[in-house]
Amino acid sequence: MIAEAPPLLDRLPAGAVVAQEGPDAPTDQPTWIVRRDSLVDVLRELKENPRQRFDLLLDLCGVDYPDREERFEAVYHLYSIPRGERLRLKVRLTEADPVLPSAIPVHKGADWFEREAYDLFGFQFTGHPNLRRILTHDGFQGHALRKDYDSARRWILTEENIYQPKLVAPRSLENGDSMFERMTVNIGPSHPAMHGTFRLIAMLDGETIVASEVEIGYLHRCFEKMAETHTWQQVIPYTDRLNYCSSFINNVGYCRTVEQMLGIEAPPRAVWARTILSEFSRIMDHCVCNGATLVDLGALTNFWYLFQPREEIYSLLESVTGARLTVSGCRIGGLIAELPPDFIARCEHLLEFIPPLVDDVEKLIHKNRIFMDRSVGIAAIAGEEAVNWGWTGPCLRASGVAYDVRKAHPYDLYDKVEWEVPVLLGGDVYDRFKVRMLEIRQSLRIIRQLLDRGMPAGRTIIDDPHVALPPKDACYNQMESMIYHFKLIMDGIQVPPGERYGMVEGANGELGFYCISDGGGKPYRIKVRPPCFPIFSTFSTLVNGHTLSDAIATLGGLNVIAGELER
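Cut-offs and rules
- Residues numbered from 1 in each chain as written.
- Predicted model: local features only at pLDDT ≥ 70, side-chain atom pairs only at ≥ 80, totals over all residues.
- Heavy atoms only, no water.
- Helix = DSSP H or I, 4+ residues; strand = E, 2+ residues; numbered from the N terminus.
- Expected span 1.5 Å × (residues − 1).
- Buried < 20%, exposed > 50% of the residue type's maximum accessible area, 1.4 Å probe, protein only.
- Domains from an automatic or database assignment.
- Contact = heavy atoms within 4.5 Å.
- Buried area = accessible area lost by both parts, 1.4 Å probe.
- Salt bridge = Lys/Arg side-chain N within 4 Å of Asp/Glu carboxyl O.
- Polar contact = N/O pair within 3.5 Å; in protein donor to acceptor, adjacent residues only side chain to side chain.
- Nonpolar A, V, L, I, M, F, W, Y, C, P; charged D, E, K, R; others polar.
- 1 Å grid on protein atoms, 1.4 Å probe; cavity = no way out; pocket = protein on both sides within 12 Å on 5 of 7 lines; lining within 4 Å.
- Points joined across faces, edges and corners; volume = space filled by probe spheres on them.
- Phe/Tyr/Trp six-rings, centres within 6.5 Å; stacked < 30°, edge-to-face > 60°.
- Patch = residues over 30% accessible without salt bridge, like charges linked within 9 Å, V, L, I, M, F, W, Y side chains within 5 Å.
- Areas by Shrake-Rupley, 256 points an atom, 1.4 Å probe, with all protein chains shown as cover.
- Pairing = 2+ DSSP bridges.
- Axes fitted to C-alpha atoms, helices over the stretch in contact; angles between N-to-C directions.

A.B. asks: In this structure, what is going on with helix α2 (residues 110–121)? I would like to understand it.
C.D. replies: Each turn of an α-helix holds 3.6 residues, which means side chains three or four residues apart point in the same direction. With 12 residues, α2 extends 16 Å between its outermost C-alpha atoms, agreeing within 8% with the 16 Å of an ideal straight helix rising 1.5 Å per residue. Most of α2 sits inside the fold, with 11 of its 12 residues counted as buried. Listed in full, the buried residues belonging to α2 are Ala110, Asp111, Trp112, Phe113, Glu114, Arg115, Glu116, Ala117, Asp119, Leu120 and Phe121. Of the residues trailing α2, glycine 122 is marked for its positive phi of about 85°.

Dropping the structure here:
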C-alpha cells in the first residue's frame, strides 16, 4: 500500500519512503519500501534520531524476482536495542541498474554484507572500499543466488585466481617510526589455528601486526541455493551444518520460523524438550569455544576438562535423535521422535556431571597469570562500536550490552523460568571467555527449573497430516494416512505465501532465518542471519596493533564457526 513517510522520518525529504507494506500485505514486522538515493539518509535518521535508535544492522539480504520489472530487492533488517523493535527496509532494483549506495558510513557491519550481496546477486555498492567477492573465489563467474543461475555449475580455482592482497603500512611506519623490518606472512587456510578454513594475510613490523586482511569462503556450500531446490522439511539437515557445535539450536530456529509461517505451534512436550536440548547445546558450544581457545594458548588440561561435558551431552542428543554432531533433531511442528524413557535421568546426570568440571577450569584459569597476560586487554572493543559492527551474543555482552533474544523477545519457555543475562565491560578476550563460563551456569539453572516443572504429557509433534508424517502403523492400515505420507514426501509442506524473519539466541548471538514462500512445497528464498559473520568482519580491526600470537587468542574468543560464517 502506498503511504506517506512515517512521522518518525519527518526530518527527511518527502518521498524517501515510497511505500509501506501492510495491512493489505500483512507482514511479520513493519516493512518500508525506500528509494535507493535516500537509503543512507534513512538509515542514518533511523540510527541517530533518539525517537527510534535503530542502532543494529542485523542483515542485508538479496532477493530475485525475475518476473518483475524491478527484478531485485535489497532487504535490510534493522533492530533497536534500546527499544526492542524491528524494522525491514526494501530497496527495489532493476536488472540493468542494480546499484545502491554503501551503508558503511552509517553501519560498519554493512561491509561484508554488501560484499556478499555483490558476490551472490551482483549488486553494486557505490562507495564501498573493497567491493570484491567474499564467499566465492575470484575466478567464479556469475552470481549464484540469481534464479537463472544453474545450481550444478562449478568453477575451478586456478593459481592465477588466488587472491593476493596489497597491504599498505600505516603512515607512521612509512615515515620510519620503526626499528624492525616489515614482512608479510600468510596464515591458513591449511593451519590449525585458522580452523583449516580461514586465511589471514598480515603485514608485520617485528611481531606486531600493522595491516591485515582476512579471506573466507573455503567452506562455502551455498546452503541458501540448496534450500530452494528442496522441500521445507528437507532443509533441516542443512541447518545442522551451520553452527555444527550446537546444531540443535539451528534446527529450532529454522523450524520455529516455518511454524510461524504456517500458523501452528509445536506441542508443549516438544517445546519443553526443545528448550532443554537447546540449553545443553549452548553449554556444549561454549565448552568447545573456551576449550579450543585455551588449547590454542597452550592450556591443554582445560581442553580435556571442557570437552568431557561435550561428549556426555552428545550421548543425550544421541538418545533422542540417533546422531551426535549433526542431529536433525527437530521437525516442523515438533521433534523427530518421542523422547527416550530415561531422558530425565540423563539430564539429571548431566546437571551433576558438568559443574565440577566447569569449577576446575575456572580455578585453573581465571587468575592464571599466563592466561591473563594473553587475554586481558587483547582485542578489546567498546559496546557502541560492537553494535556498529553488528555484533550480538556473548561477544557483545562481554562489551557491556545486555542484548539476548531469549530475554528481549522470549520464545519457547524462556519467560517461564528465572535466569540472568551475564554482562561484563572489558570487551576483550578475557571477558568473552568469562561471559561464556557464566552463561554455562545460567543454562544449567534454566534446565534445572524445567526439569523441576516436569515433562508435559502428550505428543512430541503436531497432530496435523498436512505438516507431520502420520504414524507408521497408520500408513500401513489407513489409505488416507498413506496418501498424506506420499504427498508430504513428494510435494512437501505447502507453506502459505508470505515472508517472515524468525530468530533465536544461538550460541554466537542472534541466529535469524528470513524465509520467503510463494505458496509451494519449497522455499522461494531463505537467508540466514549468521551471528559470527559480522563479528568476524571486525577481525582485522581488532588484531591490528597486536602481536601475531594475540591474533590466535582473538580468533578463539570470537568463536567463529566456518559453517555458520559461510553457509
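A.B. asks: Would you mind going over the domain arrangement of the protein chain with me for this structure?
C.D. replies: Looking at the protein chain, the domain boundaries give domain 1 (6–126) and domain 2 (223–538). On a C-alpha basis, the centres of domain 1 and domain 2 stand 28 Å from each other. Each side of the interface is counted separately: domain 1 has 33 residues, and domain 2 has 29 residues. Around 2,600 Å² of area is buried between domain 1 and domain 2 when both sides are counted, 59% of it from carbon and sulfur atoms. Three residues stand out in domain 1 for area buried against domain 2, namely Arg86, Lys108 and Trp112, and they jointly supply 24% of the buried area on that side. For the interface between domain 1 and domain 2, the tally reads 6 salt bridges. There are 14 residue pairs in polar contact (both at pLDDT 80 or more) connecting domain 1 and domain 2. Contributing elements (two or more residues each) for the side of domain 1 that touches domain 2: β3 (56–64), β4 (72–80), β5 (85–93) and α2. Ranked by residue count, the leading element in the side of domain 1 that touches domain 2 is β3, at 9 residues. When its residues are assigned to classes, the side of domain 1 that touches domain 2 shows 15 nonpolar, 7 polar and 11 charged.

A.B. asks: It is not clear to me how the layout of surface pockets should be interpreted in this structure. Could you clarify?
C.D. replies: Where empty space is left can be seen by rolling a probe of water-molecule size over the atoms. Taken as a whole, the largest pocket holds about 640 Å³ of empty space. Counting only elements with at least two residues in the lining of the largest pocket, the list comes to β10 (208–215) and α4 (223–227). The residue inventory of the lining of the largest pocket, partitioned by class, reads 14 nonpolar, 7 polar and 11 charged. The computed volume of the second largest pocket comes to approximately 510 Å³. At the level of elements, α5 (236–240) and α16 (479–491) are the ones that each hand at least two residues to the lining of the second largest pocket. Looking at side-chain class alone, the lining of the second largest pocket contains 14 nonpolar, 6 polar and 4 charged residues.

A.B. asks: What is the right way to read the packing of aromatic side chains from this model?
C.D. replies: The relation between two aromatic rings is expressed through the spacing of the ring centres and the mutual angle of the planes. Counted under the stated rule, the structure contains 19 aromatic pairs. Summarising the aromatic geometry, the rings of phenylalanine 198 and phenylalanine 536 are spaced 5.0 Å apart at their centres and angled 50° between planes, so their arrangement reads as tilted. In this pair, phenylalanine 198 sits in the loop between β8 (182–187) and β9 (199–205) while phenylalanine 536 sits in helix α17 (residues 532–536), placing the two residues 338 residues apart along the sequence. Across this residue pair, the class does not change: phenylalanine 198 and phenylalanine 536 are buried. Ring centres of tyrosine 411 and tyrosine 414 lie 5.1 Å apart, and the angle between their planes is 70°; this geometry places the pair in the edge-to-face category. In terms of burial, tyrosine 411 and tyrosine 414 fall into one category: buried. An aromatic cluster is present here, built from Trp112, Phe113, Phe198, Phe533, Phe536 and Phe539 joined pairwise through their rings.

A.B. asks: Can you help me understand a nonpolar patch on the surface in this one?
C.D. replies: A contiguous nonpolar patch, built from Leu469, Phe486, Ile489 and Met490 and spanning about 410 Å² of accessible area, is present on the exposed surface. Note that phenylalanine 486 resides in helix α16.

A.B. asks: Whenever I open this one, empty space enclosed by the protein confuses me. Can you help?
C.D. replies: Applying the stated criterion across every chain yields a total of 1 cavity of 30 Å³ or more. In this model, the largest cavity occupies a volume close to 50 Å³. If you trace the largest cavity, you find it lined by Leu60, Cys61, Gly62, Phe113, Glu116, Ala117, Leu120, Phe121, Leu145, Glu224, Arg525 and Lys527. Among the elements of the structure, β3, α2 and β15 (525–529) are those that each provide at least two residues to the lining of the largest cavity. The dominant element in the lining of the largest cavity, judged by the number of residues it contributes, is α2, at 5 residues.

A.B. asks: Please explain unusual backbone geometry as it appears in this structure.
C.D. replies: The general pattern is negative phi for most residues beyond glycine and trans for most peptide bonds. Positive phi values are uncommon outside glycine, yet arginine 53 reaches one of about 50°. In this fold, arginine 53 is placed in the loop between α1 (39–48) and β3. Classification of arginine 53 by relative accessible area gives partly exposed; the value is 30%. A positive phi angle, near 55°, is found at cysteine 222, a position not held by glycine. With respect to the secondary-structure elements, cysteine 222 resides in the loop between β10 and α4.

A.B. asks: Where do I start with the sheet that holds β8 in this structure?
C.D. replies: Adjacent strands of a sheet pair through backbone hydrogen bonds, lying either parallel or antiparallel. Strand order in this open sheet of 3 strands is β8-β9-β10, and the pairing throughout is antiparallel. The sheet is open, and its two edges are formed by β8 and β10, each paired on a single side. Direction aside, the axes of adjacent strands within the sheet are offset by 15° on average. Pairing of β9 with β10 involves 7 bridges; the strand directions are antiparallel. Residue methionine 203 lies in a different strand from β10, and its bridge partner there is alanine 211.

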